[in-house]
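For reference, the chains in residue letters:
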There are 2 protein chains.
Amino acid sequence: MHNNIITISREFGSGGRELGKRLAEALGYAYYDRELLTMLAKETDLNEDYLEQTLEESGLSSLYPITIGQSFSVLPDYFANHSTDLLRKQTTLILSLAAKSNCVIVGRNADIILADQEPLRLFVHADMDERIARCRRRETGEVLSDKEYEKKIRQIDKNRSKTHAILGDYPWGDRRGYELCVNTTTITIKDLIPALSAYAEKWFAIKQEH
Amino acid sequence: MHNNIITISREFGSGGRELGKRLAEALGYAYYDRELLTMLAKETDLNEDYLEQTLEESGLSSLYPITIGQSFSVLPDYFANHSTDLLRKQTTLILSLAAKSNCVIVGRNADIILADQEPLRLFVHADMDERIARCRRRETGEVLSDKEYEKKIRQIDKNRSKTHAILGDYPWGDRRGYELCVNTTTITIKDLIPALSAYAEKWFAIKQEH
């Protein structure tokens, strides 16, 4: 019997991270997002920001081998690089956390890494206008125009979709790769939580029955 | 205050109709699908099958004017045809049913027609293999090969998307046009109902609060 795992993939600015955090609170599940980087930083003695950049933003991440856990001895040199090593460490960490307790994991392709654990895979999205407005609300210094926000949002989403494309059966954000695609355009994240946590509870109850 | 309206758009073979029926039962809502045709047949003295074909499968439906309720006097002749008249009658019927009680409406672009009532818009989908398997399970005589099923499924979906493209802001099946996209690939429709009805109840409870 697997633990109850919820993975959250999200468009930048859609509120997916807040949704994950609140959902974990409502369900009493562990929550992992930035926490994963903190753990990895401890393990590797590397800086969190460096890790984040290497793991998420680097184009190298697209070289991440699909054959997780297999021997890499016969693979070409570029698989053996630092970035790949970090990704493998992150994968191991995600697998061990999922084995430990019920949890919500945001990002990091956990939907694919944990496929065998049959997670409830959510994709969180919103219309561009709403995403720009959300970015603006959490502004902390840097003030951008709508155009600049849109460009930034599209760039981050593009990076997210790149790694996913290599690992997954379906493109990032393609509804076929998720149990639920959740639209946050017309409702606050807080207001969504009662509905989503009720959904998750019933979903896992049924799954445990079988 | 609006009634609680759930609209269901669905890929052919994804189980959307069964989902709608069971969801309406679980919530105690009225359910409209084929029932709409029966009512329309009574009103127009036309045959249900004829109505179905004219309203759903005819290419003419793509001429459906976006300006529902406006005067058509200045519109070109082809808008004034029989098919458009029937679509207007169907629209009026859908609006009046939605005003009457909480309900689940399957298909018929109700998601767009009822936009002002802020329905909970679901899009139900599944992987092609599962959709073919579902079609096969409900076979009633005609036996098709997988290839033939796939062709039929894609054709029906194409027809559905055509009308929608004219009426809606987003393409048919585009996640941005729905509150939830629900994947029925790895779970039975029956097993989905407790989760979905719990979601709907919480969703409408929050919406009523505001």
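Structure's up top.
Thresholds, definitions, all that
Residues numbered from 1 in each chain as written. Chains lettered and ligands numbered in written order. Predicted model: local features only at pLDDT ≥ 70, side-chain atom pairs only at ≥ 80, totals over all residues. Heavy atoms only, no water. Pairing = 2+ DSSP bridges. Helix = DSSP H or I, 4+ residues; strand = E, 2+ residues; numbered from the N terminus. Axes fitted to C-alpha atoms, helices over the stretch in contact; angles between N-to-C directions. Least-squares fit on C-alpha atoms with pLDDT ≥ 70 in both. Contact = heavy atoms within 4.5 Å. Parallel < 35°, antiparallel > 145°, perpendicular 65-115°, else oblique. Phe/Tyr/Trp six-rings, centres within 6.5 Å; stacked < 30°, edge-to-face > 60°. Buried < 20%, exposed > 50% of the residue type's maximum accessible area, 1.4 Å probe, protein only. Lys NZ or Arg CZ within 6 Å of the ring centre and 35° of its normal. Polar contact = N/O pair within 3.5 Å; in protein donor to acceptor, adjacent residues only side chain to side chain. Salt bridge = Lys/Arg side-chain N within 4 Å of Asp/Glu carboxyl O. Buried area = accessible area lost by both parts, 1.4 Å probe. Nonpolar A, V, L, I, M, F, W, Y, C, P; charged D, E, K, R; others polar.

With that out of the way, let us pick up the sheet that holds strand β1 (residues 5–10) of chain A. Taken in spatial order, the ten strands of this open sheet run β2(A)-β3(A)-β1(A)-β4(A)-β5(A)-β5(B)-β4(B)-β1(B)-β3(B)-β2(B), and their pairing is mixed. Two strands in the sheet have a free side with no partner beyond their single neighbour: β2 (30–32) of chain A together with β2 (30–32) of chain B. Ignoring strand direction, the axes of neighbouring strands in this sheet form an average angle of 20 degrees. Across three bridges, the pairing between strand β5 (residues 180–183) of chain A and strand β5 (residues 180–183) of chain B is antiparallel. From the neighbouring strand, L180(A) faces β5(B), where its bridge partner is V182(B).

On to the relation of the copies chain B and chain A, then. For the match of chain B to chain A, the screw axis carries a shift of 0.0 Å, the RMSD comes to 0.0 Å, and the turn is 180 degrees. Look at the turn and shift together and you get a two-fold axis relating the two. Most of the interface of chain B is mirrored in chain A, where 100% of its interface residues again form contacts.

This part takes up the packing of helix α6 (residues 128–137) of chain A against helix α7 (residues 146–167) of chain A. Residues and elements named next belong to chain A. One way to put it is that α6 packs onto α7 with a least axis distance of 10 Å and a crossing angle of 100 degrees. Looking at the two axes, α6 sits roughly perpendicular to α7. Within the contact between the two elements, α6 uses M128, R131, I132, C135 and R136 and α7 uses D146, Y149, E150, I153, R154 and D157.

We now examine the packing of aromatic side chains. Geometry of an aromatic ring pair is reported as the spacing of the ring centres plus the angle between the planes. A complete count under the given rule lists nine aromatic pairs over all chains for this structure. Residues Y29(B) and F204(B) carry aromatic rings whose centres are separated by 6.4 Å and whose planes lie at 55 degrees to one another, so their mutual orientation is tilted. Of this pair, Y29(B) sits in the loop between α1 (16–27) and β2 while F204(B) sits in helix α8 (residues 189–209), placing them 175 residues apart in sequence. Accessibility expressed as a relative area gives 12% for Y29(B), which makes it buried. Here the aromatic cluster, defined as three or more aromatic residues joined through ring pairs, consists of Y199(A), W203(A), Y199(B) and W203(B). Positioned over the ring face of F12(A) is R138(A), at 5.2 Å from the centre of the ring.

Right, let's get into the environment of N3(A). All names here are of chain A. Structurally, N3 can be placed in the segment before β1. Accessibility expressed as a relative area gives 24% for N3, which makes it partly exposed. In sequence terms N3 and N102 are 99 residues apart; their C-alpha atoms lie 5.0 Å from each other. Aside from chain neighbours lying at most four places away, what touches N3 is A98, A99, K100, S101 and N102. Here the side chain of N3 touches A99 through a polar contact of 3.1 Å, landing on its backbone oxygen.

Residue and element names in this part refer to chain A. With the rule as written, the count across this model stands at 36 salt bridges over all chains. For K89, the salt bridge is made with D85, and the minimal N-O distance between the two is 3.3 Å. One end of the pair, K89, and the other, D85, are both in helix α4 (residues 82–100), four residues apart, so they sit about a helical turn from each other. D85 gets classed as partly exposed once you look at its relative accessible area, which sits at 28%.

This paragraph deals with the interface of chain B and chain A. Listed by partner, the interface residues are 29 residues for chain B and 29 residues for chain A. Approximately 2600 Å² of surface area, both sides summed, lies buried where chain B meets chain A, with 55% of it carried by carbon and sulfur atoms. Here chain B is connected to chain A by two salt bridges. In this structure, R175(A) engages E11(B) in a salt bridge whose closest nitrogen and oxygen atoms are separated by 2.5 Å. For the interface between chain B and chain A, the tally reads 17 residue pairs in polar contact (both at pLDDT 80 or more). Within the residue set of the side of chain B that touches chain A, elements represented by two or more residues are β4 (120–125), β5 and α8 of chain B. At eleven residues, the largest contribution of residues to the side of chain B that touches chain A is made by α8(B). Of the residues in the side of chain B that touches chain A, the class split is 15 nonpolar, five polar and nine charged.

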